[in-house]
Amino acid sequence: MNFQHQEELKERDAQRLLREDVKSAAGKVALAQYAILGVFVFLLAGFWELQVNRPEYYSEAAQKNRVKSMPVLAPRGKIMDRDGRVMVDNSSSFSVLLARETLKEEHLAPIAAGLNMTVEELNERLKRFGKRPKYEPVPIKEDLTEAEVAFVESHKDPETFPELELIQSHVRFYPRDGIASHVLGYVGQISDYELDMAEYLSHRPGDVVGKQGIEKQYDELLTGKDGQRRVLVDNRGRERMLLGMEPAEPGQNLQLTLDLDVQVAAEFALEGKRGAVVAIDPRNGEVLALASGPAFDPNKFAGRMSAAEWKQMLENPDKPMINRAIQAQMAPGSTFKPLVALAGLENGVIHPGFGVRCTGAVSYYGSTVHCHARRGHGGVGLFQSLAWSCDSYYYQVGDKLGIDRIAAYAEMAGFGRKTGIDLPHEVDGVLPSTKWKARVRRQKWYSGETIMVAIGQGYLTATPLQLAHGVGGMVVGGMWHKPHLIRDAARIEPARKGSLNLDNVAQVVNGMYGVVNGGTASRARIPWISMAGKTGTAQLVSNEYAKARGTLRKDLWDNAWFVGFAPKDNPEIVVAALYENGLHGDRAALIVRDVVQAYFVKKARKEQDRKVLAAQRILINPGLPEGAR
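None of these values were measured; they are calculated from a predicted model.

Participant: Kindly report on the overall build of the protein, identifying the contributing residues and their values.
Facilitator: What the protein contains, in helices and strands, is 23 helices and 21 strands. Taking all 629 residues of the protein together, the buried fraction comes to 45%. Contacts in the protein between residues far apart in sequence, at least 24 positions, make up 70% of those at least 6 positions apart.

Right under this line is the structure:
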């Protein structure tokens, strides 16, 4: 019995084990089935991604494994003066790229050392490209020296540093000595801040863009379109075959209105001074010269500038990076008086025979104000008020006009707002009025403030460009053309027209002629040129402060201004000069004299050349009719 019972137990155990084995086997089969299903789903998803969802992307990525594309950099367009002389060009150079697909971390330190960089600088370059596709090479250094080129050439083989690539590039080349630096501007690598701006959406890290001046204003035109060089490479990255070449498209050349001869004359006249010179053709708004001193060297920005050099430039007390021609907002002093005189004539508060007696001081609203001539000018009419720059005369004219009528004519001439010149970062200046003071200062206007504006002081500020533009439009009869630097008729806008009595304009012009011929700027007279103008001396501190100090620091000396034009009756050129801390307006007048003289000397030379050429044609073909010569 016991034996039978044992046998039954054994049979039941065997059946149980069999059931467990069957159950275990079924589980394993199910697990295997699920694994196979998972692999199938994974493969199907991959197939869907490769063949249906993004076939172009993966096809391109696979192609990148055997086809290498290298950029062919496009040169920027040249910048020329009005006569076609090249002012900004490109010089050939080399840049080195780093292919991240083959980059090895241990190579960074020796590569940085060979290129005279720190590892931190190299990593910073790579970091900027972090969001770009990995197959895009990273430009890590431009304008290589001969030693750096030799390093790359000797180490870019597959056995050493296969991630290095050498390409030809272009470096901007600017005039020496900073000539026209504030007009031309400079280029540099695009910053992270600029990459977030709408105007640079099509740019990538490492691209070179205009940073200041014409380079920035017309960056889109000057920038070319890069080409591409495609080569077949083997599994070690060695080039095997050229597959194709897409040539680069150079940027558009630009011709400026600047006359290089007049520009150089302006730069030389400013040498060693802080200030600005602007020369405009008032008949069409073409800017013939625009200089700011001190200048800077744009070539340093286009090539290599160390952090120490950049810091030194920014901390320079003379602030060479400021374009004083369009950014210096300063009281214009007595150069504002011609506009006040015109406003007085136009409004009928004075007439050509109106006169005052200047004793050197006069009381207004409980305060005593002085003329710059402490002993007075005696009897002064309109002509003498401009020729001698009598403050007493304009105290009375300003008081009769009131601030708002002065502001109306100044606004007509373009004061208090940007001229619209095609340069970045122009400023507005300040044109005070009752509304302006209520809005900005939250205060009422006092009559005693008007007489200070009438002599170009007080709250009034202007830039040299605004002064040249405003006076230039006035002396041609009330036609204010927008100042512009590109010589392209299609870009010229219609002039703003003012309703002026031409007889009144002639009276003011006649007084300004007296300034140069016997008046405060007699030293600026050019015997063979009929020039007119107006001096201006603008205080930086009050007379009381100056008297109390006895001797002022040079940086507190008065600013010197002069605005002049020629010929007197049909002006072709108007020039405004600011000489910071120049003390007296006649010193600024000498700057203008040199610029005007350079303009007319060149004009006379061209006329003489034309006559010589015409005479030669007559000698060669004496029978030609007059029109054919």
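Participant: Explain helix α19 (residues 447–454) to me, using residue names and the numbers behind them.
Facilitator: Owing to its 3.6 residues per turn, the α-helix brings residues three or four apart onto one side. Looking at α19, one finds that the buried residues are E449, T450, I451, V453 and A454. On its buried face, α19 sits against α14 (337–347), β14 (361–364), β15 (367–370), α16 (391–401), α17 (403–412) and α18 (434–440). A positive backbone phi angle near 80° is found at G456, which sits one or two residues after α19.

Participant: Mind laying out the pairing of strand β20 (residues 559–566), listing which residues take part and the relevant values?
Facilitator: With eight of its eight residues buried, β20 lies for the most part within the structure. Residues N559, W561, V563 and F565 line one face of β20 and the alternating positions A560, F562, G564 and A566 line the opposite face, and both faces are buried. Inspection of the sheet shows strand β19 (residues 532–538) paired to β20 by seven bridges, in the antiparallel sense. Its bridge partner being in β20, G533 is matched across the sheet by G564. Of the strand pairs in this sheet, β20 and strand β21 (residues 573–579) are connected by seven bridges, and their pairing is antiparallel. Of the residues in β21, the one forming a bridge with W561 is L578.

Participant: Residues and numbers for the pattern of salt bridges, please.
Facilitator: The tally for this structure, following the rule as stated, stands at 27 salt bridges. Measuring nitrogen to oxygen at the nearest pair gives 2.9 Å for the salt bridge that ties R128 to D192. Residue R128 is located in helix α4 (residues 119–128), and its partner D192 is located in helix α7 (residues 192–195); the two are separated by 64 residues in the primary sequence. In this structure D192 comes out as partly exposed when scored by relative accessible area, which is 45%. D391 serves as the salt-bridge partner of K337, at 2.6 Å between the closest nitrogen and oxygen. Of the two residues, K337 sits in helix α14 while D391 sits in helix α16, which places them 54 residues apart along the sequence. Here the two residues K337 and D391 agree in accessibility, since each one is buried. Through salt bridges that share partners, D81, D83, R85, D259, D261 and K602 make up one connected network.

Participant: Describe the sheet that holds β20, with residues and values.
Facilitator: On the basis of which strands lie adjacent, the open sheet formed by five strands has the order β12-β11-β21-β20-β19 and antiparallel pairing. Edge positions in the sheet fall to β12 (286–293) and β19, since each of these pairs with one other strand and no more. On average, adjacent strands in this sheet sit at an angle of 5° to one another, irrespective of strand direction. Strand contacts of helix α21 (residues 502–516): β19 and β20, with the helix running at about 70° to β19, the strand carrying the most contacts. Together, β11 (275–281), β12, β19, β20 and β21 form the strand contacts of helix α23 (residues 585–620), whose direction differs from that of β21 by roughly 145°.

Participant: For α14, give the residues involved together with the corresponding values.
Facilitator: Here α14 lies mainly inside the structure; nine of its 11 residues are buried. All buried positions along α14 are accounted for by K337, P338, L339, V340, A341, L342, A343, G344 and L345. G348 lies just past α14 and shows a positive phi near 75°.

Participant: Describe the packing of α16 against α17, with residues and values.
Facilitator: A pair of packed helices is captured by two measures, namely the crossing angle of their axes and the spacing between those axes. Contact pair α16 / α17: the axes reach a minimum separation of 6 Å and the direction vectors enclose 100°. In terms of orientation, α16 lies roughly perpendicular with respect to α17. For the pair α16 and α17, contact is made by G398, K400 and L401 and by I403, R405 and I406, respectively. Its residues assigned to classes, the contact of α16 with α17 shows three nonpolar, one polar and two charged.

Participant: Break down empty space enclosed by the protein for me, with residues and values.
Facilitator: Considering all chains together, one arrives at two cavities of 30 Å³ or more under this definition. Empty space within the largest cavity amounts to approximately 60 Å³. Counting residues per element, the lining of the largest cavity draws most heavily on helix α20 (residues 464–475), which supplies four residues. Along the lines of polarity and charge, the residues of the lining of the largest cavity split into six nonpolar, five polar and one charged.

Participant: Before we move on, could you go through the environment of M531 and cite the residues and values that matter?
Facilitator: Mapped onto the secondary structure, M531 falls in the loop between α21 and β19. For M531 and D569, which are 38 residues apart along the polypeptide, the C-alpha to C-alpha distance reads 9.2 Å. Those residues in contact with M531 that sit more than four places away from it in its chain are Y513, V516, N517, A524, F565, A566, R593 and V596.

Procedures and definitions
- Residues numbered from 1 in each chain as written.
- Predicted model: local features only at pLDDT ≥ 70, side-chain atom pairs only at ≥ 80, totals over all residues.
- Heavy atoms only, no water.
- Helix = DSSP H or I, 4+ residues; strand = E, 2+ residues; numbered from the N terminus.
- Buried < 20%, exposed > 50% of the residue type's maximum accessible area, 1.4 Å probe, protein only.
- Contact = heavy atoms within 4.5 Å.
- Pairing = 2+ DSSP bridges.
- Salt bridge = Lys/Arg side-chain N within 4 Å of Asp/Glu carboxyl O.
- Axes fitted to C-alpha atoms, helices over the stretch in contact; angles between N-to-C directions.
- Parallel < 35°, antiparallel > 145°, perpendicular 65-115°, else oblique.
- Nonpolar A, V, L, I, M, F, W, Y, C, P; charged D, E, K, R; others polar.
- 1 Å grid on protein atoms, 1.4 Å probe; cavity = no way out; pocket = protein on both sides within 12 Å on 5 of 7 lines; lining within 4 Å.
- Points joined across faces, edges and corners; volume = space filled by probe spheres on them.

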